[in-house]
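Each chain is listed here by its residues.
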Amino acid sequence: LYGTYRYYHPRVQAAEDLHDVRFGALGDSVTLSLRAMELTRARGAEDLDLARSNELITRTREADELIRRSRGQYRTAERTVVSIFGVLVFVTLGVASARGDISVGSMLAFFVGLGLLVIPAAMTLAAVPIIREGTSAMAEITDFLELQASRPYQGTIVPESVGAISVNNVSFAYGDEPLLSDVTLEMKPGTVTMISGPNGSGKSSIISLITGLYRPLSGTLEMDGVPYDDIDIKAVRRRIGIAAQEPIIVAGTIADNIRFGAPEASDVDLWQAAHLATVDDFIVDFPLGYDHPLGFEGRTLSAGQRQRIAIARALLRSPELIILDEPTSHLDTGTLHRVISNLSRLPTNPAVLITTHHPRVIDSIDYLYRIEGRRLIPDDSVAE
């Protein structure tokens, strides 16, 4: 039985690994088809998309059949070995009994005992592939859950508030490719700071540095004069509201999405955040209001509506620092001005950081910086 397991185990494992790869590719393809449905239709590429999906389905089915065939061969070989071994033992004991070397009772007792031993052994070996598959999957999940950022901040100081944030001569790179050099920036409570620059210039990377998701290659970041290395960055993030350029919409209702990360928020807090983000402008279009269920990634909403829900989510906890990443991508100028004006009504008097590649769209800002040649250059024209 052990020899049979050693022979078939690599084949079964290889078939399972192949199935995992192909099934993952099929899942990615389905997700891509759903996300790019409008583009596919606009380009008249439905047939190409279907052909790609059909090919992946066929390859996945072949991998599934290979698993079933490999496991079937293993189980058949295992049962054959047990049967042949049982027959050999029975014949050997029968010959010994005919010679008088062993009594019939002893022969039957031995044969029954052997059967009681072989069956559990066979069942145990049959369970090994299942255990291995589960252990492998659990190991992958555990490794993923234990992933840590490169040199994460491990400070313990919990500041009373998110005060002035200083970025001092910071340089940053992804791998060997430099992206930002000698970046210096200061944000104060109650002020609106804008960073402008073309796509890919490093605006989102500055946000990641400020929120402590990445460490700089050189330079320092401070909050009210306290270095980030000494601050409990997780506690600080709970006081920061971020609305990403591409809003994430989760399964559930509009209220569920606004409350994401803060399920304890009251209805009053939700309505206030929605009002500040101008969500109530379009909520009247839905009979169920905030209980309106959203489809896949919020496809039943416009891009601007998804953006406003993301901003309401960022405002729900009355954050002390608000970050709006490329809000001009989906919001018209009038709505964006209203949102920025509404932020001053928050009791926390937050600092506001806006990144955009259209700096002239917004007038109500206190500080403007431009990214030029991997550096952050102050633009004094806002003071005029």
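Parameters at a glance
Residues numbered from 1 in each chain as written. Predicted model: local features only at pLDDT ≥ 70, side-chain atom pairs only at ≥ 80, totals over all residues. Heavy atoms only, no water. Helix = DSSP H or I, 4+ residues; strand = E, 2+ residues; numbered from the N terminus. Rg over C-alpha atoms; globule rule 2.2 N^0.38 Å. Buried < 20%, exposed > 50% of the residue type's maximum accessible area, 1.4 Å probe, protein only. Contact = heavy atoms within 4.5 Å. Areas by Shrake-Rupley, 256 points an atom, 1.4 Å probe, with all protein chains shown as cover. Lys, Arg positive; Asp, Glu negative; His and termini not counted. Charge placed at Lys NZ, Arg CZ, Asp CG, Glu CD. Pairing = 2+ DSSP bridges. Axes fitted to C-alpha atoms, helices over the stretch in contact; angles between N-to-C directions. Parallel < 35°, antiparallel > 145°, perpendicular 65-115°, else oblique. Left-handed = near helix turned anticlockwise from the far one by under 90°. Nonpolar A, V, L, I, M, F, W, Y, C, P; charged D, E, K, R; others polar. Salt bridge = Lys/Arg side-chain N within 4 Å of Asp/Glu carboxyl O.

Visitor: It is not clear to me how the overall build of the chain should be interpreted in this structure. Could you clarify?
Guide: Per the secondary structure count, the chain includes 11 helices and 12 strands. The C-alpha radius of gyration of the chain comes to 32 Å, more than 25% above the 21 Å expected for a compact globule of 384 residues. Structurally, the chain occupies a C-alpha span of about 115 × 50 × 45 Å along its principal axes. Sorting the 384 residues of the chain into buried and exposed places 41% on the buried side. The long-range share in the chain, meaning contacts at least 24 apart out of those at least 6 apart in sequence, stands at 73%. Of the roughly 21,600 Å² of accessible surface on the chain, 57% is carried by carbon and sulfur atoms. With 36 positive and 48 negative side-chain charges, the chain shows a spacing of 7 Å between the two charge centroids.

Visitor: Help me understand the sheet that holds strand β10 (residues 351–356) in this model?
Guide: Note on sheets: strands pair through backbone hydrogen bonds, and any given pair is parallel or antiparallel. In space, the six strands of this open sheet follow the order β6-β9-β10-β3-β11-β12, with mixed pairing throughout. Of all the strands in the sheet, just β6 (240–243) and β12 (375–379) have a single pairing partner and so form its edges. This sheet shows a mean twist of 20° between the axes of neighbouring strands, independent of strand direction. Across four bridges, strand β3 (residues 192–196) lies against strand β11 (residues 367–372) in parallel orientation. Paired with T193 across the strands is Y367, a residue of β11.

Visitor: Before we go on, may I ask you to explain the packing of helix α1 (residues 2–35) against helix α3 (residues 46–99) in this structure?
Guide: Angle between the axes and distance between the axes are the two parameters that describe a pair of packed helices. Where α1 contacts α3, the two axes come as close as 9 Å, and the packing angle between them is 160°. Comparing their axes, α3 and α1 come out roughly antiparallel. By crossing handedness, the relation of α1 to α3 is classed as left-handed. Tallied by class, the residues present in the contact of α1 with α3 amount to 17 nonpolar, eight polar and 10 charged.

Visitor: Is there a simple way to explain the sheet that holds strand β5 (residues 226–227) in this structure?
Guide: Taken in spatial order, the four strands of this open sheet run β2-β1-β4-β5, and their pairing is antiparallel. Every interior strand has two partners, whereas the edge strands, β2 (177–187) and β5, have only one. Note: strand β1 (residues 165–174) against strand β4 (residues 218–223), five bridges, orientation antiparallel. Across the sheet, residue N168 finds its bridge partner in β4, namely T220. With respect to the sheet, helix α5 (residues 203–210) is in contact with β1, β2 and β4, its orientation differing from that of β2 by roughly 60°.

Visitor: Explain unusual backbone geometry here, please?
Guide: With the exception of glycine, most residues fall at negative phi, and the peptide bonds are largely trans. In the Ramachandran plot, D224 falls in the positive-phi region, its phi being about 55° despite a non-glycine side chain. Structurally, D224 can be placed in the loop between β4 and β5. Backbone geometry places R374, a non-glycine residue, at a positive phi of 70°. With respect to the helices, strands and loops of the structure, R374 is situated in the loop between β11 and β12. Judged by its relative accessible area of 41%, R374 is partly exposed.

Visitor: Explain the pattern of salt bridges here, please?
Guide: Oppositely charged side chains are able to pair whenever their charged atoms sit close together. A complete count under the given rule lists 12 salt bridges for this structure. Here D64 ties to R68 by a salt bridge, and the two come within 2.8 Å at their closest N and O atoms. Remark: R68 and D64 occur in helix α3; sequence separation between them is four residues, near one turn of the helix. The class of D64 is partly exposed, set by a relative accessible area of 25%. Shared partners join several salt bridges into a network, and the residues in it are D281, R308 and R338.

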